[in-house]
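# Structural characterization, general
Letter by letter, the chains look like this.
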Amino acid sequence: MNWVLDHVFTYPTNYEFSLPLRTIYTLNSATSHTSPADFKILLLEHISNLPSQPCTLPPAFLSNFVRKTFPLELENVGFDQALTALDYIRDLEVRRQKELEKAARARGENDLKVQALRTKSIKVEKFYASAIAGIRRWTLIHELSLEPFNKFNCIAILNTLYPIEEPDINSFLTAPILANQRHALWRYITGVEKNGAAILETVRSSAGGWSSVSEAAHAYLRLSVDMIQIAEELARPTSIGSIHSEASSVDVEILPVNKLGRRKKSGFLRRDTGHDSSDLGNGKTSTLERIVRGLARLGSSQQLGSSKKMVYYSDAATSDEDIKMRYAR
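Report on the accompanying structure. Quantities reported herein were computed from a predicted structural model and do not represent experimental measurements.

### Thoughts on the nonpolar core
Grouped together as the largest cluster of nonpolar side chains are 57 residues, with contacts concentrated most on Phe70, Ile89 and Leu140. In terms of residue count, helix 6 (residues 112–145) provides more of this core than any other element does, 13 residues in total. The residues contacting Phe70, other than those within four sequence positions of it, are Val77, Ala82, Ala85, Ile89, Ile135, Trp210, Ser214 and His218.

### Focus on the packing of aromatic side chains
Under the defined criterion, the tally for this structure stands at 7 aromatic pairs. Arranged with centres 5.2 Å apart and planes meeting at 50 degrees, the rings of Tyr128 and Tyr220 form a pair that is tilted. One end of the pair, Tyr128, is in helix 6; the other, Tyr220, is in helix 10 (residues 209–235), and 92 residues separate them in sequence. Residue classification places Tyr128 among the buried residues on the basis of a relative accessible area of 6%. Here the aromatic residues Phe70, Phe79, Trp138 and Trp210 are joined through ring pairs into a cluster of three or more. A cation over a ring is seen here: Arg136 above Tyr162, with NZ or CZ 4.5 Å from the ring centre.

### Considering unusual backbone geometry
Along the chain, Glu147 connects to Pro148 via a cis peptide bond; the corresponding omega equals -5 degrees. Examined against the element boundaries, Pro148 turns out to sit in the loop between helix 6 and helix 7 (151–161). At Glu165, a residue that is not glycine, the phi angle is positive and equals roughly 55 degrees.

### Side note on the packing of helix 7 against helix 8 (residues 175–195)
It is at 11 Å that the axes of helix 7 and helix 8 come closest, and there the two elements cross at 175 degrees. By the angle class used here, helix 7 and helix 8 are roughly antiparallel. Facing Lys151, Cys154, Ile155, Leu158 and Asn159 of helix 7, the residues of helix 8 in contact are Arg182, Leu185, Trp186, Ile189 and Glu193. Among the residues forming the contact of helix 7 with helix 8, the class breakdown is 6 nonpolar, 1 polar and 3 charged.

### Structural notes on the environment of Thr139
With respect to the helices and strands, the residue Thr139 is situated in helix 6. Through-space distance from the C-alpha of Thr139 to that of Asp80 is 8.8 Å; in sequence the pair is 59 residues apart. If we ignore the near neighbours within four places in the chain, the residues touching Thr139 are Phe79, Ala82 and Leu161. Engagement of the side chain of Thr139 in a polar contact is seen with the backbone oxygen of Ile135, the distance being 2.6 Å.

Parameters at a glance
- Residues numbered from 1 in each chain as written.
- Predicted model: local features only at pLDDT ≥ 70, side-chain atom pairs only at ≥ 80, totals over all residues.
- Heavy atoms only, no water.
- Core = buried A, V, L, I, M, F, W, Y, C linked by side-chain atoms within 4.5 Å.
- Buried < 20%, exposed > 50% of the residue type's maximum accessible area, 1.4 Å probe, protein only.
- Helix = DSSP H or I, 4+ residues; strand = E, 2+ residues; numbered from the N terminus.
- Contact = heavy atoms within 4.5 Å.
- Phe/Tyr/Trp six-rings, centres within 6.5 Å; stacked < 30°, edge-to-face > 60°.
- Lys NZ or Arg CZ within 6 Å of the ring centre and 35° of its normal.
- Axes fitted to C-alpha atoms, helices over the stretch in contact; angles between N-to-C directions.
- Parallel < 35°, antiparallel > 145°, perpendicular 65-115°, else oblique.
- Nonpolar A, V, L, I, M, F, W, Y, C, P; charged D, E, K, R; others polar.
- Polar contact = N/O pair within 3.5 Å; in protein donor to acceptor, adjacent residues only side chain to side chain.

The structure is reproduced here in structure tokens:
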């Protein structure tokens, strides 16, 4: 892992993604059979074979994979897929955080829905911390339970799940907490080496057993996927071709030019006030004044919460009718 950290920190801009846990486990498993120089070559080979810009899988796929890997019944848990599932949970959390920041930039921090998501994030992070810590612990317990006992494989799993000097994951899994968890799991390894796997029975039943871990993982999946969907909707721009607001619904209609082919110098939106359309060109009011008056009326009418139809006149159209600009209630 020293070579991993050295290489990533030396070239941070070239490798802005973390290695999959299964790849790290493969590297950890190979360290005792290779020299440091060979290990570095192996690491560089792994990195060179990885895509430079890995794709993010859909949240629904990530969630379904993790649910199937970690069901409520312990006998149905796929611990052989635990490392991949842990990667998927991490990817889902990164996606959730990114979507929340995008929504905050689009709507502003003062938006009530964004503030609600910020508050909800505290609960989501708590479930995430519980799920990650529990899955890590039970993955090592599963490795310790295998016959015959292989201390080297258990250490490789421990170093994969808990890298040395791991930084904070979130406010519930800080670096000191992670270091304490790593030390406790190391004691599991030495205990099984001395006394056999029977000592794990008390560990399996502590802290609610596997069911509490599975429930925390499933609760995290539900909340995170829901937050991603809400954040995406908040950050999504208004569709082109219509104007939307919370106060009114406005549609756009294209009307043609007149039969003589005459075109106004400027085509703008105007409320139908009952006056003849020829008043638009009588020169009594300037174009700027008509624009300001129309915008003021539009703003006041939207505040009333009414539903209107906006008529837009295109100079590119052709028809036998004269140009008319109006609001139609």
